[in-house]
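# Understanding the architecture of this molecule
This is what each chain is made of:
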Amino acid sequence: MKFLILNGPNLNLLGSREPGIYGSTGYEALCAMLKDKAAAMGAEADCFQSNHEGALIDAIHGAVGNYDAIIMNPGAFTHYSYAILDALKAVDVPCIEVHISNVHQREEFRHKSVTAPACVGQICGLGTFGYVAAMTYFMEQRHG
Ligand code: DQA
């Protein structure tokens, strides 16, 4: 099982960005942790982060034939990017949407995800464990 873990805008600043909300784990440490967890499950994970919508869309397109599943935190694009929604719908690679924070406890505009309808499901509020939970789900689906 090969996972593509996509993170959108401002998630490169994890660790220093609003640590009370997003925690103190930096982006590089998150990727290292996810690669280790994937390996422990007998899987593989590649991480990609961009602050640019088009680069994320290109990465989604590029997942076809190269990855079994996408785990994506689209950041603020979650709330308004119909282009990312369409990209997820256009590819035959299942995706789980992850949010580190509990978006439902925050501002009203964060309550709506326009991208989640193209996903198998959405995990929010579990911190960085949400990415691990998503990988675990896909492993269970594949191997029972
Ligand atoms: C986020 C929640 C979004 O509302 C926000 O714009 C982010 C991070 C999260 O992981 O909790 O950038 O996706």
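Okay, so let's go over this structure.

## Considering the sheet that holds strand β5 (residues 121–124)
Across the sheet, 5 strands lie side by side as β2-β1-β3-β4-β5; this open sheet has parallel pairing. Of all strands in the sheet, those bounded by a partner on one side alone are β2 (44–49) and β5. Going across the sheet, the axis of each strand differs from the next one's by a mean of 20 degrees, ignoring polarity. As paired strands, strand β1 (residues 2–7) and β2 are joined by 6 bridges and run parallel to one another. Within β2, the position partnered with K2 by the bridge is E44. Each of β1, β2 and β3 (69–73) touches helix α3 (residues 53–62); the most contacted strand, β1, lies at about 170 degrees to it.

## Some thoughts on the site of the ligand
The immediate surroundings of the ligand are formed by R17, Y22, N73, G75, A76, H79, H99, I100, S101, V103 and R110. Here an oxygen atom of the ligand and a side-chain polar atom of S101 are 2.6 Å apart. Coverage of the ligand by the protein chains reaches 99% of its 330 Å² of free accessible surface. Within the shell around the ligand, the residues separate by chemical class into 4 nonpolar, 5 polar and 2 charged.

Analysis parameters
Residues numbered from 1 in each chain as written. Predicted model: local features only at pLDDT ≥ 70, side-chain atom pairs only at ≥ 80, totals over all residues. Heavy atoms only, no water. Pairing = 2+ DSSP bridges. Helix = DSSP H or I, 4+ residues; strand = E, 2+ residues; numbered from the N terminus. Axes fitted to C-alpha atoms, helices over the stretch in contact; angles between N-to-C directions. Contact = heavy atoms within 4.5 Å. Near = heavy atom within 4 Å. Polar contact = N/O pair within 3.5 Å; in protein donor to acceptor, adjacent residues only side chain to side chain. Areas by Shrake-Rupley, 256 points an atom, 1.4 Å probe, with all protein chains shown as cover. Nonpolar A, V, L, I, M, F, W, Y, C, P; charged D, E, K, R; others polar.

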